[in-house]
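# Understanding the architecture of this molecule
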Amino acid sequence: MNKLKKRWGITSNYQLVIIFIVFAINGSLSARISYFLMGLLGITKENTHWSLYYIILLVLVLPLYPFMLMVFGYIFGQSGFFFPFAKRMIRSMRLGFLLPKEKNEESN
């Protein structure tokens, strides 16, 4: 755990527990919301091939996850950890156009 704390720049075990709780809540809730959205769209396991069903589910979960991570990180007081983490995730998914430009990017 000390290696993880050092890598993430965390100083206390309490902060580590809060971060794990945020990851758990966010993962479960983003999957639930994606299932709900698929239901609204009329996409179910019964009327869709299983491979297409899970591809659509991933397409819904992946962009939703980092944005929700920032929200829950803020709610739990860990925005200093989660905002940069989620921004890197968003940019790695090539969804960086959804984020405001960084100050050092504007000068280029």
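Just so you know, these numbers come straight off a predicted model, no measurement behind them.

What follows is about the packing of helix 2 (residues 13-40) against helix 3 (residues 50-75). Relative to each other, helix 2 and helix 3 sit at 135 degrees, their axes nearing to 8 Å. It follows that helix 2 is oblique to helix 3 by the angle criterion. Along this stretch, helix 2 crosses helix 3, giving a crossing that reads as right-handed.

All right, on to the nonpolar core then. Grouped together as the largest cluster of nonpolar side chains are twelve residues: Ile 10, Leu 16, Ile 18, Ile 19, Val 22, Phe 23, Tyr 65, Met 68, Leu 69, Phe 72, Phe 81 and Phe 82. Taken together, the elements giving at least two residues each to this core come down to helix 2, helix 3 and helix 4 (79-92). The element best represented in this core is helix 2, accounting for five residues. Discounting residues that sit within four places of it in the chain, Ile 19 has contacts with Trp 8, Ile 10, Gln 78, Phe 81 and Phe 82.

For helix 3, built from 26 residues, the straight-helix expectation of 38 Å at 1.5 Å per residue is met to within 8% by its first-to-last C-alpha distance of 35 Å. For helix 3, the principal kink sits at Tyr 65 and spans about 35 degrees; a proline, Pro 66, occurs within the next four residues. Within helix 3, burial applies to Tyr 53, Leu 57, Val 61, Tyr 65, Pro 66, Met 68, Leu 69, Met 70, Phe 72 and Gly 73. In the core, the buried residues of helix 3 are packed alongside helix 2 and helix 4.

Turning our eyes to something else, we now look at the side chain of Ser 34. Checked against the element boundaries, Ser 34 lands in helix 2. At a separation of 2.9 Å, a polar atom in the side chain of Ser 34 contacts the main-chain carbonyl oxygen of Ser 30. Sequence-distant contacts of Ser 34, defined by excluding residues within four places in its chain, comprise Leu 57, Leu 60, Val 61 and Leu 64.

Along the polypeptide, Gln 78 turns up in the loop between helix 3 and helix 4. For the pair formed by Gln 78 and Val 22, sequence separation is 56 residues and the distance between their alpha carbons is 9.0 Å. Once residues lying within four places of it in the same chain are set aside, the contact partners of Gln 78 are Gln 15, Ile 18, Ile 19 and Gly 73.

Any aromatic ring pair is given by two values, namely how distant the centres are and how the planes are angled relative to each other. Under the criterion given, the structure shown has eight aromatic pairs. Geometrically, the ring pair formed by Phe 23 and Phe 85 is edge-to-face, given 5.5 Å between the ring centres and 70 degrees between the ring planes. Taken together, the residues span a long stretch of sequence, with Phe 23 in helix 2 and Phe 85 in helix 4 at a distance of 62 residues. Ring geometry for Phe 81 versus Phe 85: centroids 5.8 Å apart, planes at 20 degrees, classification stacked. Remark: Phe 85 and Phe 81 occur in helix 4; sequence separation between them is four residues, near one turn of the helix. Within the aromatic cluster, the residues linked to one another by ring pairs are Trp 8, Phe 20, Phe 23, Phe 81, Phe 82 and Phe 85.

What counts as what
- Residues numbered from 1 in each chain as written.
- Predicted model: local features only at pLDDT ≥ 70, side-chain atom pairs only at ≥ 80, totals over all residues.
- Heavy atoms only, no water.
- Axes fitted to C-alpha atoms, helices over the stretch in contact; angles between N-to-C directions.
- Helix = DSSP H or I, 4+ residues; strand = E, 2+ residues; numbered from the N terminus.
- Parallel < 35°, antiparallel > 145°, perpendicular 65-115°, else oblique.
- Left-handed = near helix turned anticlockwise from the far one by under 90°.
- Core = buried A, V, L, I, M, F, W, Y, C linked by side-chain atoms within 4.5 Å.
- Buried < 20%, exposed > 50% of the residue type's maximum accessible area, 1.4 Å probe, protein only.
- Contact = heavy atoms within 4.5 Å.
- Expected span 1.5 Å × (residues − 1).
- Bend = angle between axes of the 7 residues up to and from the residue.
- Polar contact = N/O pair within 3.5 Å; in protein donor to acceptor, adjacent residues only side chain to side chain.
- Phe/Tyr/Trp six-rings, centres within 6.5 Å; stacked < 30°, edge-to-face > 60°.

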